[in-house]
Structures are given as structure tokens and as C-alpha cells.
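These are the residues of each chain, in order.
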Protein chains: 2
Amino acid sequence: MPQGDPPQAAGPVEFYFDPISPYGYLASTQIEALAARYGREVDWRPVLLGVTVMKVMGLPPLTQTPLKKDYLAHDKPRMASLLGVPLVEHGLQNVNSLAACRAFLWLKAKDAALAKRFASRIYARLWVEGRDITPAESVADEAAALGVDRAVVLAAIESREMKDALKAAVEAAIAKCVFGVPTFIVDGEPIWGVDRLWMLEHWLRHGDWKPH
Amino acid sequence: MPQGDPPQAAGPVEFYFDPISPYGYLASTQIEALAARYGREVDWRPVLLGVTVMKVMGLPPLTQTPLKKDYLAHDKPRMASLLGVPLVEHGLQNVNSLAACRAFLWLKAKDAALAKRFASRIYARLWVEGRDITPAESVADEAAALGVDRAVVLAAIESREMKDALKAAVEAAIAKCVFGVPTFIVDGEPIWGVDRLWMLEHWLRHGDWKPH
């Protein structure tokens, strides 16, 4: 994690997301425009909070953590309001993003821009429309709305190749110390949280951590 | 936790701090000037992370949480740099702020401004000079540097009254959902994290959570 010198090459901003995260959704509505203002691309990378938070860190889900869960319940709508985007309390239990993340990786290998549109639809389905994203069928619906063949998506979701690809993606994220969502990595600098978009913008603008 | 209408009365910003927190230290260097820009007082309130995080939330210390501890080790110096203030890695183990917090409450009951100067000295001792704040003697040293009688401070630290006062302060903080440090509460709105000073400023300026 280097620090100090301004970035020489304007590499992409890595955007680590898990569809189950409301703060990941909020970040997804902002990150493309923010990066574009500084001539950067965004590389969307799925991660599974069930692995990073619960298995590797050994923590309970935030929604089951005393005090913090009440804070987050109060915080989510005001953060959405600040960003000027809709957000619903979907009230669904045990939402699982395995199928969505596998489908995302499969699409990304073909067409990264299409995969982002798909991920945005998945986020909107859960956090704007309040509809589940767990069943492979619902994931295929969102891909189909973008002109992708349903049967082919469903086969990809169940394929050994995409299961392995997602496992590798999560391991790669953990190797970079990604634990929460959203995490941005820019020029090797990890930045966690939608509440740190100002910090990401600081780096994109100045390439250092000095006051300006 | 009300939301919406601009604040009618400009009450103080409650600033919840524990001397053991580096982010609390960083916030302590900013909060008075920020609040003053909007005509607000700051009410400093000690809390014990050992109670809120470990006992009530059931979580391990951040410094022992996989992935997050590496992120925080990288993050602390860059946040200090962004804010333009010094910060050292003190390397001390098992730092305990019981004596400091009790002394703070005792001073606050006499002179709130003096108590803030004392808390700032405690923060600087640990996070700028890298010296321990655990022994009551070291706490008394910082009070004595402000002209307070050492023996009286030492007696206050050991008094039943101040032990009970700190217990009550922590319970009051938990009742307001304060779990981390720094937490700011302004007009009933809890805001957690030095990385959210922008959000506190947004509220102080606008009194709402709308984009401006």
C-alpha cells in the first residue's frame, strides 16, 4: 500500500461490491461519475461479505451487532438522502448474492460495461424495488432484461468455472485486505466506506494525503 | 433520533471520546474549531471502548480483527496527514483510560474548559508523545501541568463518586447508541467516525440531510 508520490499512470479505481450491502449500492450510484471526473475507469469486483466479515474476520453480520445495527438503521436513509438516491428497507432475510456475483463475473469476461449495467440492475432490484436477488431465476431476469439469454446465464451460474472464478475473486480481494463494502482501491490505496468518497476524491485530485 | 427540520436551538455538539482511540484523538484536534465555525459549543463526554465494543457489542478490539487491523494501520497515518496533525504509533500494550476518564469527569464538574484542555493533554501524551496514560500518576502529571493539585486528582480518581460517575457516563452513552469513538451527536443525530466530519459539517451548515 504505497503512499506519497502522485500516481504516474492513471489506473482504474477498483470498486469492491457485494449486492447485499446497502452502502455498496449507494456507492454504486456515485462511483462511475466520480472516477470519470478525474479521467479514471472503474473496475467492478465482486466480493462476498459472508466470507470476509464472518469467516475471515470472525464477526457477526452488522445487522446483528448490538448498538451498531440501530445506528445503521438510522444512517442508511440519511446517507441515501444526502446522495439524492432512493433506498428501501427490503426486509428480506438471508439474501444471498452467490448467483448474482457468478453471473456478474461471467458477463464481465465478455463485456465489462454490460456487467456493470447488470450489477446496477441487481442493486436496484434489491435496494430500490425491494425484490429478492437470491434465486438464480431472478438474477437471470435481470440479465435477460439486458438482452442476455436466460438459459445461458443460468448454466453459467451453476458452472464449476464460475464457482471457481468467484472463489478466486474473493480470495484476491482478501489478499488485498478488502473486508468491507464498498472498498475502493486507487493506486494501491484502499479506502473503505461510502462515507469516504471525499477521501477517494482527494486522492484522485491530488494524488497525496496532504491538506490542500 | 429526529430528522428533517433545521435545528431550532443551537445546542452543543456532544463529542464522545476515549483516550485510547487514535481516531478519537484525531477528532479532538478538529471538533472545537469546526463547531465554533457554526456557533456551537462542544460537550466532551468520555466513554470506554472496552465496555461498548467488547462487552455490549461482543466484538474483539479492532487491533485484533483480521484484515481490518491492517487497514487501520495503513489508514491512521494518512488520516493524520490529511488533517495536518502529528500521530505516533506508541506501541504500548493494554492502554487503559479509566484513570484519565475519571479525572476528566471530576475536572468537568468544576470547569468544563479546563477539562477539555486536560483531555487534549492526555490525547497528546499518548498519540503525539507516545507516553502511557494508564497509571493514575501519569494522569495526575497532566492535570498538575494545568495547575491542579496532584494529590486531589489522585484522590478523585480513586473515589467511589468518580467511579460511579464514569459508569453512569458510559451507560448514558450506550443508551444513546454510542458504540465507537469518535461519535458526535448533534440535534439528536449520531455521527460516527472522524471520516464523517464532512457529514457533521453538512448538518451544522444546513440542518438537514439533503444534497445542497
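Predicted model, so just to flag it, every value in this text is computed and none were measured.

What counts, and where the lines are drawn
- Residues numbered from 1 in each chain as written.
- Chains lettered and ligands numbered in written order.
- Predicted model: local features only at pLDDT ≥ 70, side-chain atom pairs only at ≥ 80, totals over all residues.
- Heavy atoms only, no water.
- Helix = DSSP H or I, 4+ residues; strand = E, 2+ residues; numbered from the N terminus.
- Buried < 20%, exposed > 50% of the residue type's maximum accessible area, 1.4 Å probe, protein only.
- Areas by Shrake-Rupley, 256 points an atom, 1.4 Å probe, with all protein chains shown as cover.
- Lys, Arg positive; Asp, Glu negative; His and termini not counted.
- Charge placed at Lys NZ, Arg CZ, Asp CG, Glu CD.
- Least-squares fit on C-alpha atoms with pLDDT ≥ 70 in both.
- Contact = heavy atoms within 4.5 Å.
- Expected span 1.5 Å × (residues − 1).
- Buried area = accessible area lost by both parts, 1.4 Å probe.
- Salt bridge = Lys/Arg side-chain N within 4 Å of Asp/Glu carboxyl O.
- Pairing = 2+ DSSP bridges.
- Axes fitted to C-alpha atoms, helices over the stretch in contact; angles between N-to-C directions.
- Parallel < 35°, antiparallel > 145°, perpendicular 65-115°, else oblique.
- Nonpolar A, V, L, I, M, F, W, Y, C, P; charged D, E, K, R; others polar.

A. Inspection of the overall build of chain A at higher detail. Scanning chain A from N- to C-terminus turns up 10 helices and 4 strands. When the helices and strands of chain A are read in sequence order from the N terminus, they spell out β-α-α-β-α-α-α-α-α-α-α-β-β-α. Summarising its shape, the C-alpha atoms of chain A cover approximately 50 × 40 × 35 Å along the three principal directions. When each of the 212 residues of chain A is scored for burial, the buried share is 52%. In the form shown here, chain A has an accessible surface area of approximately 9000 Å², with 55% of it arising from carbon and sulfur atoms. Side chains of chain A give 24 positive and 25 negative charges; the mean places of these two sets differ by 2 Å.

B. View of the relation of the copies chain B and chain A. For the pair chain B and chain A, the best superposition has an RMSD of 0.0 Å and corresponds to a rotation of 180° with a translation of 0.0 Å parallel to the axis. Put plainly, the chains are arranged around a two-fold axis. Of the residues that chain B buries at the interface, 100% are likewise interface residues in chain A, meaning the two copies contact each other through the same surface.

C. Inspection of helix H5 (residues 98–110) of chain B at higher detail. All names here are of chain B. Between the first and last C-alpha of H5 there are 19 Å, a value that for 13 residues agrees with the 18 Å anticipated at 1.5 Å per step. Buried within H5 we find Ala99, Ala100, Cys101, Arg102, Ala103, Phe104, Leu105, Trp106 and Leu107. In this structure, the buried residues of H5 make contact with strand E1 (13–17), strand E2 (42–46), helix H6 (112–127), helix H7 (136–144), helix H8 (150–157) and helix H9 (160–175).

D. Representation of the interface of chain B and chain A in the model. With 38 residues of chain B in contact, the opposing surface of chain A contributes 38 residues. Between chain B and chain A, roughly 3700 Å² of surface is buried when both sides are summed, and carbon and sulfur atoms account for 68% of that area. Considering only the side of chain B, the residues that lose the most area to chain A are B:Leu67, B:Tyr71 and B:Leu82, jointly responsible for 20% of the buried surface there. Here chain B and chain A share 6 salt bridges between them.

E. Main features of the pattern of salt bridges. For the structure shown, the criterion picks out 42 salt bridges over all chains. Among the ionic pairs, B:Glu14 bridges to B:Lys176, the shortest N-O distance being 2.9 Å. Separated by 162 residues along the polypeptide, B:Glu14 in strand E1 and B:Lys176 in the loop between H9 and strand E3 (183–186) bring together distant segments of the chain. Since its relative accessible area comes to 11%, B:Glu14 is described here as buried. Judged by its relative accessible area of 36%, B:Lys176 falls in the partly exposed class. One network of salt bridges, with partners in common, ties together A:Glu14, A:Asp43, A:Arg45, A:Lys108 and A:Lys176.

F. Inspection of the sheet that holds strand E2 (residues 42–46) of chain A at higher detail. All names here are of chain A. Here we have 4 strands laid out as an open sheet, ordered E2-E1-E3-E4, and mixed in their pairing. In this open sheet, the two strands that pair with only one neighbour each are E2 and strand E4 (189–192). Neighbouring strand axes in the sheet, compared pairwise and without regard to direction, differ in orientation by 20° on average. The pairing of strand E1 (residues 13–17) with strand E3 (residues 183–186) spans 3 bridges and is classified as antiparallel. Across the sheet, residue Tyr16 finds its bridge partner in E3, namely Thr183.

G. Inspection of the packing of helix H5 (residues 98–110) of chain A against helix H6 (residues 112–127) of chain A at higher detail. All names here are of chain A. For the pair H5 and H6, the least separation of the axes is 6 Å and the interaxial angle reads 155°. One finds that H5 runs roughly antiparallel with respect to H6. Residues Ala100, Ala103, Phe104, Leu107, Lys108 and Lys110 of H5 pack against Ala112, Leu114, Ala115, Lys116, Phe118, Ala119 and Ile122 of H6. Of the residues in the contact of H5 with H6, the class split is 10 nonpolar, no polar and 3 charged.

H. Summary view of the sheet that holds E3(B). All names here are of chain B. On the basis of which strands lie adjacent, the open sheet formed by 4 strands has the order E2-E1-E3-E4 and mixed pairing. In the strand order of this sheet, the two ends are held by E2 and strand E4 (189–192), each with one partner. Between one strand axis and the next, the sheet turns through 20° on average, direction left out of account. In terms of strand pairing, E1 meets E2 through 5 bridges, oriented parallel. Residue pairing across strands places Tyr16 opposite Arg45, the latter belonging to E2. The sheet contacts of H5 involve E1 and E2, and relative to E2 the element is tilted by about 140°.

Everything listed here is a matter of geometry and, on its own, says nothing about what the molecule does.
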